[in-house]
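Chain by chain, the residues run as shown.
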Amino acid sequence: MLAKQLFEDLAAKISETVANSPAKDLEKNAKAMLGGAFAKMDLVTREEFDIQQQILIKTRTKLSEAEARLAALEAAVFATAAAETQPEVPTAAPSAENENVENATVAEPEALHDGVRSGGQPEQSA
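Residues numbered from 1 in each chain as written. Predicted model: local features only at pLDDT ≥ 70, side-chain atom pairs only at ≥ 80, totals over all residues. Heavy atoms only, no water.

1. Thoughts on the overall build of the chain
Along its length, the chain carries 4 helices and 0 strands. Reading the helices (α) and strands (β) of the chain from amino to carboxyl end gives α-α-α-α. Counting across all 126 residues of the chain, residues that qualify as buried make up 1%. Taken as a whole, the chain presents about 12200 Å² of accessible surface, with 60% of it coming from carbon and sulfur. (Helix = DSSP H or I, 4+ residues; strand = E, 2+ residues; numbered from the N terminus. Buried < 20%, exposed > 50% of the residue type's maximum accessible area, 1.4 Å probe, protein only. Areas by Shrake-Rupley, 256 points an atom, 1.4 Å probe, with all protein chains shown as cover.)

2. Some words on a nonpolar patch on the surface
Taken together, the side chains of Leu 34, Phe 38, Met 41 and Leu 43 define a hydrophobic patch exposed on the protein surface, amounting to about 420 Å² of accessible area. Along the chain, the position of Leu 43 falls in the loop between helix H2 (22-40) and helix H3 (46-85). With a relative accessible area of 52%, Leu 43 lands in the exposed category. (Patch = residues over 30% accessible without salt bridge, like charges linked within 9 Å, V, L, I, M, F, W, Y side chains within 5 Å. Salt bridge = Lys/Arg side-chain N within 4 Å of Asp/Glu carboxyl O.)

If you want it as structure tokens, here you go:
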């Protein structure tokens, strides 16, 4: 028991000496200097970092979903626009007027120039 009491007294005196020594003052000053330097560096705590990381993950997920919805909407709009611009194919039986247009012959290119051949020379009739 005496040894235990002696050990506790010695530990208490060592702790008191260290607390009052210049080493303790040096530790306090170093902590204050580092705390000031860290405050100037605009550092964040681990908790703040983790929160911002979770917000970023959620934002990226929402962005991916919005991009997918936008692509689907654009595809639907382009498909609708393409369907509207395609010419309509008549479904009724052809009329007599349409038959005449379909059976018409195309004039020869030379006949389209009123008797003038390419090169500007008039045709000679025989």
